[in-house]
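# Structure assessment
Residue-level listing of the chains:
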Amino acid sequence: MSTNATFVSVIVPVYNMEHYVAATIESALRSSYPAFEVIAIDDGSTNGSQAVIKEFAQQDERVVFLQ
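Residues numbered from 1 in each chain as written. Predicted model: local features only at pLDDT ≥ 70, side-chain atom pairs only at ≥ 80, totals over all residues. Heavy atoms only, no water.

Now for the pairing of strand E1 (residues 8-14). Pairing analysis gives 7 bridges linking E1 to strand E2 (residues 36-42), with the strands arranged parallel. By the bridge assignment for E2, Val 10 is matched with Val 38. Taken together, E1, helix H1 (residues 21-29) and E2 form a β-α-β motif whose crossover is right-handed. (Pairing = 2+ DSSP bridges. Helix = DSSP H or I, 4+ residues; strand = E, 2+ residues; numbered from the N terminus. Right-handed = clockwise from strand over helix to strand, strands pointing away.)

Closest axis-to-axis distance for the H1/helix H2 (residues 49-59) pair is 9 Å, and the angle between their directions is 25°. When the axis of H1 is compared with that of H2, the two are roughly parallel. Helix-helix and strand crossings are classified by hand; for H1 and H2 the assignment is right-handed. Contacts from Val 21, Ala 22, Ile 25, Glu 26 and Leu 29 in H1 reach Ser 49, Val 52, Ile 53 and Phe 56 in H2. Considered class by class, the residues forming the contact of H1 with H2 number 7 nonpolar, 1 polar and 1 charged. (Axes fitted to C-alpha atoms, helices over the stretch in contact; angles between N-to-C directions. Parallel < 35°, antiparallel > 145°, perpendicular 65-115°, else oblique. Left-handed = near helix turned anticlockwise from the far one by under 90°. Contact = heavy atoms within 4.5 Å. Nonpolar A, V, L, I, M, F, W, Y, C, P; charged D, E, K, R; others polar.)

See below:
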């Protein structure tokens, strides 16, 4: 793929998805597309969703956590 690829943002809305958010983010990160980010937007989760997203954001600069 060209190094001039269009940059893509994958938006993941999150609300109490603790049991699914890791698989969702991992799936996006496995993409072979060279220029992308995953923006996980938490809408006030009351379970451990935020902690899962924060861990991914610390480990991979392509993951952005917003709340």
